[in-house]
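# What the coordinates show
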Amino acid sequence: MWCNPGMEADPAAIAALRPRLEKLTELLDGVEFNLPTPSRDHAERVRVAVIRTVTEYLIPRLDEPQAPIVAVVIGPSGTGKSTIVNSLANDRISDVGALRPTTRNAVLWAHRDHGSRYWSEFVSRVRDRVGQTVEVVIGDDDLTADLTIIDTPPSEFVTPSGRRPALDALALADLCVFVTSPSRYADISAWEFLREIRWRGVPMLFVLNRLPPDRTEAISLLNDFAGRLHDNGLLLEADAAMVFGVNEAVGDRWHGGLDPGAVGALRNELGAVSNTGYRDTLVSMTAYTTGRNVVDRCRVIIEEFQKVAAIRERLDEVVSAAYGSQVSEITIMMAGGSLRDMARHKSWSEAAVDLTAIVTRRAGVSAQATATSWLDDPTGEALLEGKGTTLWRHTEDTSWDVQGRLEDWEETLALVAARNSRSGSLRPRVAARLASKAWRAVIDPELKPSGIVKRKLKRNMAAFVEEARSSLSNVIKESLDFDARRFTDRLDDHAPVAERLGRELTAISALLEGEDHPYLETVPDLDGEAPLTVERDDLDAEPTASPEGADGPGDEAAVATENDADA
Ligand SMILES: Nc1nc2c(ncn2[C@@H]2O[C@H](COP(=O)(O)OP(=O)(O)OP(=O)(O)O)[C@@H](O)[C@H]2O)c(=O)[nH]1
Ligand SMILES: [Mg+2]
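In this text, all values refer to a predicted model and were calculated from it rather than measured experimentally.

From N to C terminus, the chain includes 17 helices and nine strands. Within the chain, the proportion of its 567 residues that are buried is 45%. A separation threshold of at least 6 residues defines the contact pool for the chain, and within that pool the share at least 24 residues apart is 81%.

Pasting the structure below:
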């Protein structure tokens, strides 16, 4: 079997994986999904979740494989999560009550021995994650020697600031204890929550609390719950023995828990982490599965990049076509003599004012044509609505920008004239004087050259006009590009980051699957989507016997986890 109890973490493997994971989060940190695609919000949630999982779970776990296992108790309100924690402790750890929700802040129960550097870092990580109001209860229960238990507010509880403490705490978990009750286990919200957390790949223990005293009834409830878990890919088999059943107790105990015997099997299972082999297996399995799921989740981000690239290309084509056609039209007008009227002006800068008006108008036409086509695309439509400034007409700066570019063109024209002059070069002052006359020939095909133009350009006139026209077209194109950039600037280009991300994912996968790294070799040989189980039989630890009266899976207990690419 896959398990390799007692194997120490391989520093080389961790050393190799760590910088990769850091690089990955650095890359993801820099990603902004600005294009309002239908899948953007999902991709963004995945991005945030992946960063958190890597920085708050994976890296710390790889750094300190021997740190206590973190078990997070989650589930719907009033199902008895806090009651279960108090029962495990046989002490008051977390308040129980009839108010819904009772637990509003996470409660962290840990052993007083964890005063190491790890510990303060861990608590501050929990506080960063779950909120500063986390209560820390320190005790000396053996169960917590290698295990830190976090009781959480109900899974559906959202703080006024929009946080979901249960989800937040889960990001830190090596293990998850899901507690529900006969009245709550069929709730859709609970299943949605379970589906939401499945991707994380944390091994889960399931507790069905407050079972009726009637044994047949209790067993049928356990069977039904196990069946549903199985159908949702959360339990390997639809077997009631894989769920911890806890009977509804009569009467209250001072600590708000049940008789410890009622949770004996669960305590036993959790206590198994004090067995080094079991512990190491659990840690490496969770770290491995989480690592794999991180890689899988990043595919969602890459897919979003691909979608963005396709939309970008489509919308970009519209922009090029709309603006490009106006450039061609002005060029044709120029060659056909339609701009000849401008030749009447005394100087090019005066003519440039007329041409500016034409180009600016054409920019407006292009903008309108682009906006109209973008309206046909949901992303394009959303972009048109955003950002406040209208895209339906040219910008306020367009005219100013066009005029500047057109006026400057006279300098280019001087160079073109010098190149096409009889001698092939002219002193700048002469070239400038030549340009100040020759511009008319560019916009008036029928103009007869005279004076300096005739003298200097004579035989090369046609070549000069052609080159000059093409350079003026370029200036017009650049002017319209300036206007078009308002559209294209809204289209993110993720290609470079997509490529780097792809490379990191390949490297991380290779490290996770690599055979050179004993730490990661201790993890099971997963075949993709199949859930995996840590069978207690596979471990060389003998579990201690279940206390009397405990309902639950005992030795047959299984830790099941689902490896789901996209919850
Ligand atoms: N009599 C009896 N009451 C129970 C049992 N389990 C839970 N309760 C009661 O159910 C109520 C809710 O229990 P809690 O442990 O506070 O439930 P919770 O899941 O922590 O609830 P939240 O903190 O709101 O999420 C309390 O009044 C408990 O005393 C049980 O087995 N027997
Ligand atoms: Mg509670």
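Relative orientation of the contacting elements helix 9 (residues 276-336) and helix 15 (residues 461-488) amounts to 155°, with a least axis distance of 9 Å. Classed by the angle they form, the pair helix 9 and helix 15 counts as roughly antiparallel. Classified by chirality, the crossing of helix 15 by helix 9 is right-handed. Here helix 9 contributes Asp316, Val319, Tyr323, Gln326, Val327, Ile330, Thr331, Met334 and Ala335 to the contact with helix 15, which in turn contributes Arg469, Leu472, Ser473, Ile476, Lys477, Leu480, Asp481, Ala484, Phe487 and Thr488. When the residues that make up the contact of helix 9 with helix 15 are grouped by side-chain class, the tally is 11 nonpolar, four polar and four charged.

In the vicinity of ligand 1, 21 residues are found, and the nearest of them are Gly80, Ser82, Thr83, Pro101 and Thr103. Where the shell around ligand 1 is concerned, the elements lending two or more residues are helix 3 (81-89) and strand 6 (204-211). For the shell around ligand 1, the element with the most residues is helix 3, which contributes three residues.

In this section: the packing of helix 9 against helix 16 (residues 495-513). Two elements in contact, helix 9 and helix 16, have axes separated by 10 Å at closest approach and are oriented at 160°. Considering the angle they form, helix 9 stands roughly antiparallel to helix 16. Crossing hand, helix 9 versus helix 16: left-handed. Along the contact surface, helix 9 presents Tyr288, Gly291, Arg292, Val295, Cys298, Ile301, Ile302, Phe305 and Ala309, while helix 16 presents Ala495, Ala498, Leu501, Gly502, Leu505, Ile508, Ser509 and Leu512. For the contact of helix 9 with helix 16, the per-class residue count stands at 13 nonpolar, three polar and one charged.

In this structure, Ala71, Val72, Leu170, Val207 and Ala417 are the most contacted members of the largest nonpolar core, which totals 150 residues. If you tally residues by element for this core, the top one is helix 9, at 20 residues. Viewed by domain, this core spans two of them, domain 1 (11-304 + 497-561) and domain 2 (310-494), each represented by three or more residues. In this structure Val207 touches Ile84, Val177, Phe178, Val179, Phe244, Val246 and Leu266, once residues within four positions along its chain are discounted.

The next point concerns the pairing of strand 7 (residues 244-247). What you see with strand 7 is no split at all: Phe244 and Val246 on one side and Gly245 and Asn247 on the other are buried throughout. Relative to strand 7, strand 6 is paired through three bridges, and the arrangement is parallel. Counted as the bridge partner of Leu211 is Asn247 from strand 7. With respect to chirality, the unit in which strand 6 leads through helix 7 (residues 215-231) into the neighbouring parallel strand 7 is right-handed.

Checked against the element boundaries, Asp146 lands in the loop between strand 3 (135-139) and strand 4 (147-151). With 80 residues separating them in the primary sequence, Asp146 and Gln66 have C-alpha atoms 8.7 Å apart. Ignoring anything within four residues of it in the chain, the contact list for Asp146 reads Pro68, Ile69, Val273, Ser274 and Arg279.

Within helix 8 (residues 264-271), eight of the eight residues are buried, leaving the element largely enclosed by the surrounding structure. Of all the positions in helix 8, only Gly264, Ala265, Leu266, Arg267, Asn268, Glu269, Leu270 and Gly271 are classed as buried. Check the buried side of helix 8 and you find it contacts strand 1 (69-74), helix 3, strand 4, strand 6 and strand 7.

With that settled, consider the environment of Gln326. With respect to the helices, strands and loops of the structure, Gln326 is situated in helix 9. The buried category is assigned to Gln326, around which 24 C-beta atoms lie within 10 Å. Taking the C-alpha atoms as reference, Gln326 lies 9.9 Å from Arg361; in sequence the two are 35 residues apart. Not counting the four nearest positions on each side in its chain, Gln326 is found in contact with Arg362, Val365, Ser366 and Leu480.

Right, let's talk about unusual backbone geometry for a bit. With glycine set apart, most residues show a phi of negative sign, and most peptide bonds adopt trans. With phi around 50°, Asn90 is a residue other than glycine that occupies positive phi space. Tracing the backbone through its elements, the reader meets Asn90 in the loop between helix 3 and strand 2 (107-111). What makes Asn90 partly exposed here is the crowd of 18 C-beta atoms within 10 Å. The phi dihedral of Arg210 falls on the positive side, at around 60°, and the residue is not glycine.

Analysis parameters
Think of each chain on its own: its residues are numbered from 1, step by step along the sequence as written. Chains carry letters and ligands carry numbers; both start at the beginning, A for chains and 1 for ligands, and go up in the order they are written. The predicted nature of this model means local features are confined to residues of pLDDT at least 70 and side-chain atom pairs, given and counted, to a pLDDT of 80 or more, with totals for whole chains, interfaces and linings taken over all residues. Helix and strand definitions here come from DSSP, where helices need a minimum of 4 consecutive H or I residues and strands a minimum of 2 consecutive E residues; each element is numbered from the N-terminal end. Between the buried cut of 20 or more and the exposed cut of 12 or fewer other C-beta atoms within 10 Å of a residue's own C-beta lies the partly exposed class, and all C-beta atoms are placed from the backbone. Two residues qualify as a contact pair if the distance between their C-beta atoms, derived from the backbone, is within 7 Å. Note on geometry: axes are C-alpha line fits, over the in-contact stretch for helices, and angles between N-to-C directions span 0 to 180 degrees. For this classification, under 35 degrees means roughly parallel, over 145 means roughly antiparallel, 65 to 115 means roughly perpendicular, and everything else is oblique. Helix crossings get a hand from a simple test, with the near helix turned counterclockwise from the far one by less than a right angle marking a left-handed crossing and a clockwise turn marking a right-handed one. Residues are grouped as follows: Ala, Val, Leu, Ile, Met, Phe, Trp, Tyr, Cys and Pro are nonpolar; Asp, Glu, Lys and Arg are charged; every other residue, Gly included, is polar. Whether a residue is near a molecule or strand depends on its C-beta atom, placed from the backbone, lying within 6 Å of it. Any set of buried Ala, Val, Leu, Ile, Met, Phe, Trp, Tyr and Cys residues joined through C-beta atoms within 7 Å is what this text calls a nonpolar core. Annotation comment: domain bounds sourced from an automatic or database domain assignment. At least two DSSP bridges between two strands are required for those strands to pair. A right-handed crossover is one whose linking path, passing over the helix from the first strand to the second, runs clockwise when the strands point away from the viewer.

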